[in-house]
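Survey of secondary and tertiary structure
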Amino acid sequence: MAHMNESCHTHEQVTMWQDEQQRVEERMRSLFVGADANADGNLDFDEFVEMIVRVLMYIYIYIYIYIYIYIYIYYIYIYIVYIYIYIYI
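A quick note: this is a predicted structure, and the numbers were derived from the prediction, not measured. (Residues numbered from 1 in each chain as written. Predicted model: local features only at pLDDT ≥ 70, side-chain atom pairs only at ≥ 80, totals over all residues. Heavy atoms only, no water.)

Brief notes about helix α3 (residues 45–88)
Across its 44 residues, α3 extends 64 Å between first and last C-alpha, which sits within 8% of the 64 Å expected from 1.5 Å per residue. Two to three positions downstream of the cap, the backbone nitrogen of D46 sits 3.3 Å from a side-chain oxygen, assigning the N-cap of α3 to D44. (Helix = DSSP H or I, 4+ residues; strand = E, 2+ residues; numbered from the N terminus. Expected span 1.5 Å × (residues − 1). Polar contact = N/O pair within 3.5 Å; in protein donor to acceptor, adjacent residues only side chain to side chain.)

Let's talk about the side chain of E47
With respect to the helices and strands, E47 occurs in helix α3. It is R54 that comes nearest to the buried, bridge-free E47 among opposite-charge side chains, at 9.2 Å. Setting aside its immediate chain neighbours within four residues, E47 contacts A35, D36, A37, N38 and N42. (Buried < 20%, exposed > 50% of the residue type's maximum accessible area, 1.4 Å probe, protein only. Lys, Arg positive; Asp, Glu negative; His and termini not counted. Salt bridge = Lys/Arg side-chain N within 4 Å of Asp/Glu carboxyl O. Contact = heavy atoms within 4.5 Å.)

Concerning the packing of helix α2 (residues 11–35) against α3
With their axes 9 Å apart at the nearest point, α2 and α3 run at an angle of 125° to one another. In terms of orientation, α2 lies oblique with respect to α3. As α2 packs across α3, the resulting crossing turns out to be right-handed. Two secondary-structure elements touch here, α2 through L31, F32 and A35 and α3 through E47, M51, R54 and V55. (Axes fitted to C-alpha atoms, helices over the stretch in contact; angles between N-to-C directions. Parallel < 35°, antiparallel > 145°, perpendicular 65-115°, else oblique. Left-handed = near helix turned anticlockwise from the far one by under 90°.)

Here you go:
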């Protein structure tokens, strides 16, 4: 017979999930409040599109930097292998 605790989440896990949910809600709220250019409490279509474009720009920049770093590390690795082969073989 399986123990009851195996299928239940601990209080600590539930608290962590609730804290993360609260952080996400606060981030989303600040994103929408920041996008509300005329501060009327509503996002019109233009404000929404501007917010989405801004978010997509951040995502693009993040991915670009990640790929650049990955390629840079890859070339360093290739260079080290080349030096090793040149010196020891």
